[in-house]
Each structure stands twice: as C-alpha cells, then as structure tokens.
Amino acid sequence: DDNGHGTHVAGTIAQATNNARGVAGIAFPAAIMPLKVLSAQGSGSMGAIAQAIRFAADHGAHVINMSLGGPFPVTPVLRAIEYAHSKNVLVVAAAGNNGRGRVSYPARYPHVLAVAATQYDESTTFYSNWGKEIDIAAPGGNVRVDQNRDCKPDGILQNTIVGGGKGNGYLWFMGTSMASPHVAG
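The structure reproduced in this document is the subject of the present report. No experiment lies behind these values; they were computed from the predicted model shown.

## A short note on the pattern of salt bridges
Part 1 of the argument: Applying the stated rule across the entire model yields four salt bridges.
Part 2 of the argument: As a salt-bridge pair, arginine 79 and glutamate 82 come within 3.0 Å of each other at their nearest N and O atoms. On the criterion of helical spacing, the pair formed by arginine 79 and glutamate 82 is a turn pair, its members being three residues apart in helix 3 (residues 75-86).
Part 3 of the argument: You can call arginine 79 partly exposed: its relative accessible area is 41%.

## Concerning the layout of surface pockets
Part 1 of the argument: As a volume, the largest pocket reaches approximately 1,100 Å³.
Part 2 of the argument: For the largest pocket, the lining is made up of 35 residues, of which Ile32, Met33, Pro34, Leu35 and Asn65 are closest to its centre.
Part 3 of the argument: When contributions to the lining of the largest pocket are tallied by element, the ones reaching two or more residues are helix 1 (5-14), helix 2 (46-58) and strand 1 (63-66).
Part 4 of the argument: With six residues, the top contributor of residues to the lining of the largest pocket is helix 1.
Part 5 of the argument: Its residues placed into classes, the lining of the largest pocket shows 22 nonpolar, eleven polar and two charged.

## Focus: helix 3
Part 1 of the argument: Compared with an ideal rise of 1.5 Å per residue, which puts twelve residues at 16 Å, helix 3 spans 16 Å between its outermost C-alpha atoms and is within 8% of the ideal.
Part 2 of the argument: Contacts from the buried residues of helix 3 go to helix 2, strand 1, strand 2 (90-94) and strand 3 (112-118).

## Concerning the environment of glycine 42
Part 1 of the argument: Mapped onto the secondary structure, glycine 42 falls in the loop between helix 1 and helix 2.
Part 2 of the argument: Each C-alpha atom of the pair glycine 42 and asparagine 3 lies 7.9 Å from the other, and the pair is 39 residues apart in sequence.

## Points about the nonpolar core
Part 1 of the argument: Among the nonpolar cores identified, the biggest contains 26 residues, and Ile53, Ile64 and Met66 are the most heavily contacted of them.
Part 2 of the argument: Sorting the residues of this core by element identifies helix 2, strand 1, helix 3, strand 2 and strand 3 as the ones contributing at least two each.
Part 3 of the argument: Broken down by element, the residue count for this core peaks at six residues, all from helix 2.
Part 4 of the argument: Filtering out sequence-adjacent residues up to four positions away, isoleucine 64 remains in contact with Ile53, Ala56, Ala84, Val89, Leu90, Val91 and Val92.

What counts and what doesn't
- Residues numbered from 1 in each chain as written.
- Predicted model: local features only at pLDDT ≥ 70, side-chain atom pairs only at ≥ 80, totals over all residues.
- Heavy atoms only, no water.
- Salt bridge = Lys/Arg side-chain N within 4 Å of Asp/Glu carboxyl O.
- Helix = DSSP H or I, 4+ residues; strand = E, 2+ residues; numbered from the N terminus.
- Buried < 20%, exposed > 50% of the residue type's maximum accessible area, 1.4 Å probe, protein only.
- 1 Å grid on protein atoms, 1.4 Å probe; cavity = no way out; pocket = protein on both sides within 12 Å on 5 of 7 lines; lining within 4 Å.
- Points joined across faces, edges and corners; volume = space filled by probe spheres on them.
- Nonpolar A, V, L, I, M, F, W, Y, C, P; charged D, E, K, R; others polar.
- Expected span 1.5 Å × (residues − 1).
- Contact = heavy atoms within 4.5 Å.
- Core = buried A, V, L, I, M, F, W, Y, C linked by side-chain atoms within 4.5 Å.

Next comes the structure, spelled out in structure tokens:
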C-alpha cells in the first residue's frame, strides 16, 4: 500500500485485537486477500478491477470489499461481479462520496451490497451518496464534527500506512470507503 487507504480499509475488516495495541477490526479472525488495483493517486484501470474480482472468486474469497467507485458502468466489471456472484461470493461496495442521489458503480450493480455512510448520530453523512440501490448504511465517519464531544474528530480511526509506505500511524478517515468494510467485516 503506497497510499494508506487500502490498509485503513483492511484494518477495519480484520485488524488484530486483544493485543493491547490501538484498535480492532470487525472480523479480526478473518484472513485478508489484498489485491491492489489502484495507484498511490487512487486511479487504476477497470480491467485490473475486473481481474481482481475474478481472482478473488477463484481463490477462495467469501466476501469481496470494494472501497472504490466511479460514475459510469463498465461491462467487464459487471461480468466479473456476476461471475463472483455465481460462485456465491458476497460483493460489498462503497456508494460514493459525492453527496448526491446517485449511487456510484460498482455499488449500483445488481448482486452488490451497496453501502452508504453514517456519522456518530447515525444520520447519513453530508458526503454519502444515496438512492434506491442502497442496501445498508454503516459508520463512515465525519472528521468535520465532534458529535460525541471527546475532543477528537468523528472519523473512523484505524492503523494505516503513512508517508508513502515509509511508516504507519493511527489516522481518522471518512468516506463510504470506511463504511463498506464495516459491512464486509
């Protein structure tokens, strides 16, 4: 991970627990199959995403989390999701962070559990996309507020990579990318 986003997401799913260090994951005994499909800048090809979905489905994944998205449908990604679904793999994806009533792809596809984001007071966050395709909402955080009055931002805290992979730290993130792994876990 040369960005920190993927490690934050993976930690939310399966960060070690009961070790007197930091935070814990939702499904801490789970195994992670890390498949990097995006660059340090957050861009990548739809072909790489489709290949990763198929790879995961063929190599024993039970759940695929996709904390990524875009505005347009892409047939190879749709076909890969259908393939994963045919192998009884649950696909979970972030709804998008545009604050609009239009769910991003791949969350918008059939056979994908589309996840919107909530903040501390359990309301939908300002940035979360919404729409009829949303299946569930989960904690995505909001670092712009401190609703629980603990003098810290109300983001999702997780141990992750910092400094282009040169170190690690505990960082507060927000986004439907943080909500999706809560559901996948």
